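Chain and residue survey
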Amino acid sequence: GDGGGLQGTPTDEAADAALDVRELGNLSLGGISPYELARAGLIEAHRPDVLDRLAVLLVSRHPPWNPFVF
């Protein structure tokens, strides 16, 4: 990612992190940080800087908000 978007390419290298699609959705919708998810055991970081990179690339700047009451 370069600030203008993200791009993915196939690789044979080991993953930098392991997380479920639920946690990926939580990160992209906002309201929780990758550090909190890692402390809860929901993200397995395989590199020391991966949580910092996830915080920059995936976390929303706006907190989640729903104006409708169910």
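Shown above is the structure to which this text applies.
A short tour of the structure in this document, coming up. For clarity, every value in this text was computed on a predicted model and none was experimentally measured.

Core analysis: the largest hydrophobic core is formed by eight residues, namely Ala17, Leu27, Leu37, Ile43, Val50, Leu51, Leu54 and Leu58. Among the elements that make up this core, the one with the highest residue count is helix H3 (residues 50-57) (three residues). Not counting residues within four places of it along the chain, the set of residues in contact with Ala17 comprises Ile43, Glu44, Ala45, His46 and Val50.

As for its position among the elements, Glu23 is in helix H1 (residues 21-29). Summary of buried charges: Glu23 has no salt-bridge partner, and the nearest side chain of opposite charge, Arg22, is 4.3 Å away. Beyond its immediate sequence surroundings of up to four residues, Glu23 is in contact with Leu37 and Leu42.

Before going further, it helps to examine the environment of Val21. With respect to the element layout, Val21 can be found in helix H1. According to the relative accessible area criterion, Val21 is exposed, its value standing at 63%.

Bringing the pattern of salt bridges into the picture now. Scanning the model with the defined rule gives five salt bridges in all. Between Arg22 and Asp20 there is a salt bridge; the shortest N-O distance is 3.3 Å. A relative accessible area of 57% places Arg22 in the exposed class. Of the residues examined, Asp20 reaches a relative accessible area of 34% and is grouped as partly exposed. Between Arg53 and Asp49 there is a salt bridge; the shortest N-O distance is 3.5 Å. We classify Arg53 as partly exposed; its relative accessible area is 32%. The partly exposed category is assigned to Asp49, whose relative accessible area is 27%.

About the criteria used
Residues numbered from 1 in each chain as written. Predicted model: local features only at pLDDT ≥ 70, side-chain atom pairs only at ≥ 80, totals over all residues. Heavy atoms only, no water. Core = buried A, V, L, I, M, F, W, Y, C linked by side-chain atoms within 4.5 Å. Buried < 20%, exposed > 50% of the residue type's maximum accessible area, 1.4 Å probe, protein only. Helix = DSSP H or I, 4+ residues; strand = E, 2+ residues; numbered from the N terminus. Contact = heavy atoms within 4.5 Å. Lys, Arg positive; Asp, Glu negative; His and termini not counted. Salt bridge = Lys/Arg side-chain N within 4 Å of Asp/Glu carboxyl O.

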